[in-house]
Every structure is written in structure tokens, then in C-alpha cells.
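What follows is each chain in one-letter form.
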Amino acid sequence: MSSWRVLVGAWLGIAGIAIAIADRTSTAAVIAPVATAALVLATAALASDYFGLRRRRQGWAGQHPPSAIARARVAALALRFHRERDRGGLATATTARELLFALAEIDAWARASDVVDFLSADAATRPVKDDVADGLRALALAELGRGAEAERVLRELPEGRDPMLAWVRARIAMRAGKVAAALVATADAREDARDAVDRDLAIVRVRLLAQTGSIDRARPLLAALARGRFRTDVEALAMTASAGLAVAAQEALGLRAGYRTASDELASPRIAC
């Protein structure tokens, strides 16, 4: 049962009790307490993490390079998570998700074991699904070497073209050595990446294409990223990627000319000395 059905059921229960009391006393006597109870219930639903509204406000904004600020944020969230968990705090689940997001942003999966275990137990008892957090939890499990658990979580995620979930599926498939499945997951990568989530998916696809020897298919994605907001990401590939991908990234940045094929060499006129 979804959380909003629980909420509606509670309202109906209040209405039933009110009708029963009104039948014994008078309608005027129950209007004020019933209205107050309904208002309190609605306010609690809007403010409570149980009903999922706080959870949905915490969207995934993509990865970014590790920095001193990001690492300090992870350390602060980890300290808060362990303190709240040990005390049984009501906000522990919210802090746990924030910590998982912070770890995922900088690919710091080695520290995710405790928070993943907590969120696994939390997900089993909550009526509201959180696809983004569950996707990151699946990826964390895969990165921690717990592939069977990751696959179980992955099977519960919705199918579709959400770029964040496609990125998760591709990363997990890559981790398991399933390159073909990872390529299928990234098939909808956009050349006109609009945000960091699209960027993450496009870069995973570029790496996969380079890995399978299809670097020519990666060039349009690299060129589009270099022309748009994510030129620095292409620059990072040019410096850190494998040789073929680094050269393709340099071409996309305009730092060197494209490859010349053997047929180009034969067709080019030669000047006699």
C-alpha cells in the first residue's frame, strides 16, 4: 500500500469516528477536533520523511571531481549518520541517504558499507519507493563486491529511459564485465547533454565504445560535450584516458587533427622532391 493510501485511509478513519461521535452527541461538537486532527495529519505527512516528500526533494545532480570540500562534507555526514544511528534518531534515514549521495558524487564507495546496510533495512520497511536512492544503493553494493545483492535491488527498479538509472545499470554491468549489456544501457545517451546526469551517461558510453574498439562512434559524443558545458570533462579524458580515447578527446577539443586513414594517405597527392 502506498503512503498516500495510508494517509487517505487515516482521514477516512477520522471521518468514521467523527460520524459515530456526532450521532451520539452533535455535529458541532466534533467539527473542531476533527478539523484539527485532519490538519495535523496532513502537516505531518508533508513534513515527514515517512511519506516521501523530503526524500523526493533530494534529487541526483551527477558526479563531480573529488575536492577538499566534498571530502569534508562526506566526513561530517558520516559522523552525523553514525551518531544518529546509535541514538535511534528519527532523521537517520534522511542523513543516510545524504551520505550515500555524497559518497556517490565523488565515487568514494569504499566507505559505503554501513550506510548501504542501513538503507537496505530502511527500504524494506517503508511504503514509499525511492528509485534514485535505491539505484545508488545498487551501485554501491556492486562496487563493494556484493554483486548478487546489487542485482536484486536492480531488478526492483523501474524500466525506462531515466538517464540516472541507465547510468547505474551501465556501471553495474561494467563492474560485472558485461560490456554488451552496459552498451545497451547507455544506448539513449544524449549528444546534447543538458545536465551532469546526461554527462555521466555520455562519458560512460564513450569509455565503453573505446573499450570495444568503436572509437569512431564515440567521437560525436565527445565533440558535443566539448562544444557544450562539459568541455572540462573532455579535457580530463584527454589527460587520463587510454591512448585511443585520449587522442579522440584531444581531437574533439581541437588540440590535434583527426586520424588519417590509409585510404586518405593513398589519395593525397605527393610532391616530388
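Calculation rules
- Residues numbered from 1 in each chain as written.
- Predicted model: local features only at pLDDT ≥ 70, side-chain atom pairs only at ≥ 80, totals over all residues.
- Heavy atoms only, no water.
- Helix = DSSP H or I, 4+ residues; strand = E, 2+ residues; numbered from the N terminus.
- Buried < 20%, exposed > 50% of the residue type's maximum accessible area, 1.4 Å probe, protein only.
- Contact = heavy atoms within 4.5 Å.
- Areas by Shrake-Rupley, 256 points an atom, 1.4 Å probe, with all protein chains shown as cover.
- Phe/Tyr/Trp six-rings, centres within 6.5 Å; stacked < 30°, edge-to-face > 60°.
- Axes fitted to C-alpha atoms, helices over the stretch in contact; angles between N-to-C directions.
- Parallel < 35°, antiparallel > 145°, perpendicular 65-115°, else oblique.
- Left-handed = near helix turned anticlockwise from the far one by under 90°.
- Nonpolar A, V, L, I, M, F, W, Y, C, P; charged D, E, K, R; others polar.
- Polar contact = N/O pair within 3.5 Å; in protein donor to acceptor, adjacent residues only side chain to side chain.
- Salt bridge = Lys/Arg side-chain N within 4 Å of Asp/Glu carboxyl O.
- Core = buried A, V, L, I, M, F, W, Y, C linked by side-chain atoms within 4.5 Å.
- Expected span 1.5 Å × (residues − 1).

A.B. asks: Where do I start with the overall build of the chain in this structure?
C.D. replies: Of the regular secondary structure elements, the chain holds 15 helices and 0 strands. Going through the 273 residues of the chain one by one, you find that 39% of them count as buried. Counting contacts in the chain only where the partners sit at least 6 residues apart, residues at least 24 apart contribute 61% of the total. Accessible area of the chain: about 15100 Å², with a carbon and sulfur share of 58%.

A.B. asks: I'm lost on the environment of Arg 175 in this one. Help?
C.D. replies: Counting through the fold element by element, Arg 175 comes out in helix α9 (residues 163-175). For Arg 175, a relative accessible area of 46% translates into the label partly exposed. Remark: the alpha-carbon pair of Arg 175 and Gly 145, spanning 30 residues in sequence, is separated by 9.0 Å. The residues contacting Arg 175, other than those within four sequence positions of it, are Ala 142, Glu 143 and Gly 145.

A.B. asks: Help me understand the packing of aromatic side chains in this model?
C.D. replies: How two aromatic rings sit relative to each other is given by the distance of their centres and the angle of their planes. Overall, the coordinates contain 3 aromatic pairs when judged by the stated rule. Between the aromatic rings of Trp 60 and Trp 167, the centroid separation amounts to 5.8 Å while the plane-to-plane angle is 20°, which identifies the pairing as stacked. Of this pair, Trp 60 sits in the loop between α3 (53-57) and α4 (68-87) while Trp 167 is found in helix α9, placing the two residues 107 residues apart along the sequence. Grouping residues by exposure puts Trp 60 and Trp 167 together as buried. Where Phe 81 meets Phe 118, the ring centres are 5.6 Å apart and the plane angle is 80°; that geometry is what we call edge-to-face. Of the two residues, Phe 81 sits in helix α4 while Phe 118 sits in helix α6 (residues 113-125), which places them 37 residues apart along the sequence. Linked through ring pairs, Trp 60, Phe 101 and Trp 167 together constitute an aromatic cluster.

A.B. asks: How do you make sense of the packing of helix α7 (residues 131-143) against helix α8 (residues 147-155) when you look at a structure like this?
C.D. replies: Helix-helix packing is described using two parameters, namely the angle between the two axes and the distance between the axes. At a minimum axis distance of 7 Å, the contact between α7 and α8 shows a crossing angle of 160°. Judged on the interaxial angle alone, α8 and α7 are roughly antiparallel. α7 and α8 meet at a crossing whose hand is left-handed. Between α7 and α8, the contacting residues are Asp 134, Arg 137, Ala 138, Leu 141 and Ala 142 on the first element and Gly 147, Glu 149, Ala 150, Val 153 and Leu 154 on the second. Residues belonging to the contact of α7 with α8 are distributed by class as follows: 6 nonpolar, 1 polar and 3 charged.

A.B. asks: Explain the side chain of Thr 186 to me, please; I cannot follow it from the model alone.
C.D. replies: Secondary-structure assignment places Thr 186 in the loop between α10 (179-185) and α11 (196-211). Polar side-chain contacts of Thr 186 include one of 3.0 Å to the side chain of Arg 205. Not counting residues up to four positions away in its chain, the partners in contact with Thr 186 are Ala 170, Leu 201, Val 204, Arg 205 and Leu 208.

A.B. asks: How should I be thinking about the pattern of salt bridges in this particular structure?
C.D. replies: Close approach of charged atoms allows side chains of opposite charge to pair. A full pass over the atoms with the stated rule returns 20 salt bridges. Salt-bridge contacts for Arg 80 lead to Glu 98; the nearest nitrogen and oxygen are separated by 3.5 Å. Of the two residues, Arg 80 sits in helix α4 while Glu 98 sits in helix α5 (residues 92-105), which places them 18 residues apart along the sequence. Residue classification places Arg 80 among the partly exposed positions, given a relative accessible area of 33%. One salt bridge in this structure joins Arg 194 and Asp 198, with 3.9 Å as the shortest N-O distance. Residue Arg 194 is classed as exposed on the basis of its relative accessible area of 55%.

A.B. asks: Honestly, the nonpolar core in this entry has me stumped. Any pointers?
C.D. replies: One broad trend across soluble globular proteins is that nonpolar side chains are buried collectively. Within the largest apolar cluster, 65 residues are counted, with the highest numbers of intra-cluster contacts made by Trp 60, Leu 99, Leu 100, Val 115, Leu 136 and Trp 167. Setting aside residues no more than four positions away along its own chain, Trp 60 makes contact with Phe 101, Ala 104, Glu 105, Val 132, Leu 136, Met 164, Trp 167, Val 197 and Asp 200.

A.B. asks: How should helix α12 (residues 215-227) be read in this particular structure?
C.D. replies: Think of an α-helix as 3.6 residues a turn; residues three or four steps apart then line up on the same face. Counted at 1.5 Å a residue, the expected span for α12 with its 13 residues is 18 Å, and the 18 Å between its end C-alpha atoms agrees. Along α12, the residues classified as buried are Ile 215, Ala 218, Arg 219, Leu 221, Leu 222, Ala 224, Leu 225 and Ala 226. In this structure, the buried residues of α12 make contact with α11, α13 (231-240) and α14 (243-252).

By themselves, these observations are geometric and do not establish any function.
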